[in-house]
Amino acid sequence: MASRTFGRITVTTPDLDEPGLYLSVVDSLDSPRGTVQDFTYGNVELRSLALTGIQLVTGRVSDVRAKHVEFDALNLHGVEINSSDLGSARWSRSKLTRVRFHDCKVMGAALDGMVLDDVLFEKCRFDYAGFENVRADGPVAFVGCAFTEAVFTDCDLSGAVFSDCGLRLTEFGGGRYRDTDLRGNELSQIRGVANLAKVRIESGQQTDLAQALVHELGITIGDG
C-alpha cells in the first residue's frame, strides 16, 4: 500500500500500479448502477460534468477539462485525479478516501459538506474557492497548492498539513484547526488569525502571524 509522509502525518495514497490490477477505459463517469470501478477516464474537454449519487472506486481521471462542474454525493475511494481543470466546481455532500489530486485547477469552486480521509492535494490551484463544512476525518495534506483569496468557513481541519502553499489573503474563518500544520508557508497575508488557535508553526513564523494580525485589525504603527 502506497503512502507519503508530511510532517507528523502519513497519507495513504492509491496504488493503481499494483500487480494484478487492470483499469478499463470508460467513456463516462456516470453509471445507472451508481458505481464505476477499476477504471481510467480522461483526455476530454466538456461543456458540463454533472454527477449525483455516484461512487468512483479504484481508478484514474486524467486531463479532464470541464467548464461547468456539479458534483453531489460523489464519493471517491482509491482514485487519482491528475492534470485536470474542474473550473468553478460545486461539490457537496461527499466523502473522499485514499484520493490523490495532482496538478489540478479547482479555482472559484464551492466545496461544501465534504469529508476527507487519506487525501493528498499536490500542486493544485484553489484560488477564490470556498470551503464550507469540510472535515478532515483522517490524514489530509495540501502540498505546493495555491489558495489566493480562498475562504474556509466552519471547517474542521484538525491535524491537516499545509506545506509550501501560497496563502495570500486566504481567510480562515471560524472552525477547528487544532494541530493544523502551517509550517513552511508564508503567513503574513492570511486572514482570520484569531481563529487559528492551537495550530502548529515554526519559530520564524511568529513575525508573519503578528504582521497578519496587524493588517487584519487595521493597526497603524508610527510616531505621527
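Procedures and definitions
Position numbers for residues count from 1 along each chain, tracking the sequence in the order it is written. Given that this is a predicted model, residues contribute local features only at a pLDDT of at least 70 and side-chain atom pairs are listed and counted only at 80 or more, while totals for whole chains, interfaces and linings are drawn from all residues. No hydrogens and no water enter the side-chain calculation; it runs on all heavy atoms of the structure. If DSSP finds at least two bridges between two strands, the strands pair. Secondary structure is summarised from DSSP: a helix means a run of H or I of at least four residues, a strand means a run of E of at least two, and numbering begins at the N terminus for each. The rule is simple: take the accessible area with a 1.4 Å probe, protein chains only, and divide by the maximum for that residue type; under 20% is buried, over 50% is exposed, in between is partly exposed. Salt bridges are counted wherever a side-chain nitrogen of Lys or Arg sits within 4 Å of a carboxyl oxygen of Asp or Glu. Pairing of aromatic rings covers Phe, Tyr and Trp, the last counted by its six-membered ring, and requires centre-to-centre distances within 6.5 Å; plane angles under 30 degrees mean stacked, over 60 mean edge-to-face, and any other angle means tilted. Take the residue count of a helix, subtract one, and multiply by 1.5 Å to get its expected span. Each C-beta atom gives one direction from the helix axis, and the arc is the one those directions make. The contact rule is simple, with two residues in contact once any of their heavy atoms fall within 4.5 Å. Only residues whose relative accessible area exceeds 30% and that form no salt bridge are eligible for patches; like-charged ones are grouped when within 9 Å, while nonpolar side chains (Val, Leu, Ile, Met, Phe, Trp, Tyr) are grouped when within 5 Å. Areas reported here follow the Shrake-Rupley algorithm with a probe of radius 1.4 Å; residue values treat only the protein chains shown as occluding.

Looking up the chain in an unreviewed UniProt entry gives the name Pentapeptide repeat-containing protein, with the organism given as Streptomyces tsukubensis.

> Mind laying out the pairing of strand S5 (residues 55-72), listing which residues take part and the relevant values?
The side chains of a regular strand alternate between the sheet's two faces. Bridge count between strand S4 (residues 35-52) and S5: 15 bridges; the pairing is parallel. Bridge pairing links Phe39 to Gly59 in S5. As paired strands, S5 and strand S6 (residues 75-82) are joined by 7 bridges and run parallel to one another. Bridging from a neighbouring strand, Val61 pairs with Ile81 of S6. Across 3 bridges, S5 lies against strand S7 (residues 90-102) in parallel orientation. Bridged to Asp72 within S7 is Ser92.

> Could you give an account of unusual backbone geometry, with specific residues and numbers?
Among all residues save glycine, negative phi is the norm, and among peptide bonds the norm is trans. The phi dihedral of Asp63 is positive, around 55°, even though this residue is not glycine. As for its placement among the helices and strands, Asp63 is situated in strand S5. Judged by its relative accessible area of 33%, Asp63 is partly exposed. With a phi angle near 65°, Tyr128 is a residue other than glycine that sits in the positive phi range. Secondary-structure assignment places Tyr128 in the loop between strand S8 (110-122) and strand S9 (130-132).

> How would you sum up the pattern of salt bridges? Please name residues and give values.
Within the structure shown, the criterion is met by 11 salt bridges. A salt bridge links Arg4 to Glu122; the shortest N-O distance between them is 2.7 Å. You can see Arg4 sitting in strand S1 (residues 3-6) and its partner Glu122 sitting in strand S8, a full 118 residues away along the chain. Residues Arg125 and Asp127 are paired through a salt bridge, measuring 2.6 Å at the closest nitrogen-oxygen approach. The structure contains a network of salt bridges with shared partners spanning Arg4, Arg100 and Glu122.

> An account of the packing of aromatic side chains is requested, with residue identities and associated values reported.
According to the stated counting rule, one finds 18 aromatic pairs in the structure shown. Measuring from ring centre to ring centre gives 6.1 Å for Phe162 and Phe172, while their planes differ by 80°; the resulting arrangement is edge-to-face. Here Phe162 is found in strand S14 (residues 161-163), whereas its partner Phe172 is found in strand S15 (residues 171-172), with 10 residues between them in sequence. Each member of the pair, Phe162 as well as Phe172, carries the same accessibility label: buried. One aromatic cluster is present, formed by Phe71, Trp91, Phe101, Phe121, Phe126, Phe131, Phe142, Phe147, Phe152, Phe162, Phe172 and Tyr177 through successive ring pairs.

> I'd like a description of helix H1 (residues 206-217), backed by residues and values.
For H1, built from 12 residues, the straight-helix expectation of 16 Å at 1.5 Å per residue is met to within 8% by its first-to-last C-alpha distance of 17 Å. Among the residues of H1, Asp208, Leu209 and Ala212 are the ones counted as buried. Projected onto a plane normal to the axis of H1, the buried residues spread over an arc of 95° and lie on a single side. With respect to the buried face of H1, the exposed residues turned more than 90 degrees away are Gln206, Thr207 and Leu217. Of the residues trailing H1, Gly218 is marked for its positive phi of about 65°.

> Tell me about the environment of Leu187, and name the residues and values.
With respect to the helices and strands, the residue Leu187 is situated in the loop between strand S16 (175-176) and H1. The buried category is assigned to Leu187, whose relative accessible area is 0%. Every residue in contact with Leu187, bar those within four places of it in the chain, is listed here: Leu167, Leu182, Ile201, Gln205, Asp208, Leu209 and Ala212.

> For the pairing of S4, give the residues involved together with the corresponding values.
Across 2 bridges, strand S3 (residues 24-25) lies against S4 in parallel orientation. Paired with Val25 across the strands is Thr40, a residue of S4.

> Can you break down a nonpolar patch on the surface residue by residue, with the values?
Nonpolar side chains collect at one region of the surface, where Leu213, Leu217, Ile219 and Ile221 lie side by side and expose about 400 Å² of accessible area between them. Note on Ile219: relative accessible area 44%, which makes it partly exposed.

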